Amino acid sequence: MKKFKRILALLGAALLLGLYALTLITALMDSPQAGNWFKASLACTIVVPIFLYACILVYRWVKK
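Residues numbered from 1 in each chain as written. Predicted model: local features only at pLDDT ≥ 70, side-chain atom pairs only at ≥ 80, totals over all residues. Heavy atoms only, no water.

Student: When you look at a positive patch on the surface in this model, what are you seeing that I'm missing?
Tutor: Among the surface-exposed residues, Lys 2, Lys 5, Arg 6, Arg 60 and Lys 64 lie close enough to one another that they form a single positively charged patch. The biggest single contributor to the positive patch is helix α1 (residues 2-28), with three residues. By relative accessible area, Lys 5 is classed as partly exposed at 33%. (Patch = residues over 30% accessible without salt bridge, like charges linked within 9 Å, V, L, I, M, F, W, Y side chains within 5 Å. Areas by Shrake-Rupley, 256 points an atom, 1.4 Å probe, with all protein chains shown as cover. Salt bridge = Lys/Arg side-chain N within 4 Å of Asp/Glu carboxyl O. Lys, Arg positive; Asp, Glu negative; His and termini not counted. Charge placed at Lys NZ, Arg CZ, Asp CG, Glu CD. Helix = DSSP H or I, 4+ residues; strand = E, 2+ residues; numbered from the N terminus. Buried < 20%, exposed > 50% of the residue type's maximum accessible area, 1.4 Å probe, protein only.)

Below, the structure is given as structure tokens:
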């Protein structure tokens with residue numbers, strides 16, 4: 001369980017760092033699609049941690 005949690009935490013941290021970088025880049029871009037990418041990146045910044053937490057809860061439930 002600890003190894004699984006650690007892997008999910010590292011994966012989540014890497015995804016969030018990538019999303020933050022993408023959000024910064026798209027905020028500075030002057031492209032017609034930049035607004036859509038910015039909105040998607042902000043949405044994923046909220047959804048990814050919730051999804052990872054749900055995975056941990058399901059893993060606990062299935063393991064018992």
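This is not the end of the story, as more comes after the structure.
Student: I would appreciate a short explanation of the state of the cysteines in the present structure.
Tutor: As used in these notes, a disulfide is a covalent bond between sulfur atoms, one from each of two cysteines. All chains considered together, the criterion is met by zero disulfides. The structure places no disulfide on Cys 55, whose sulfur is separated from the nearest cysteine sulfur, that of Cys 44, by 14 Å. We classify Cys 55 as partly exposed; its relative accessible area is 24%. (Disulfide = S-S within 2.5 Å.)

Student: How do you make sense of the nonpolar core when you look at a structure like this?
Tutor: The tendency in soluble globular proteins is for nonpolar side chains to be buried as a group. By size, the foremost hydrophobic cluster in this structure holds five residues: Leu 8, Leu 19, Val 48, Leu 52 and Ile 56. Counting residues per element, the ones that place at least two in this core are α1 and α2 (34-63). In terms of residues, this core owes the most to one element, α2, which gives three residues. Residues within four places of Val 48 in sequence aside, it is in contact with Leu 15 and Leu 19. (Core = buried A, V, L, I, M, F, W, Y, C linked by side-chain atoms within 4.5 Å. Contact = heavy atoms within 4.5 Å.)

Note that every value here comes from positions in space, so none of it alone points to a role or purpose.
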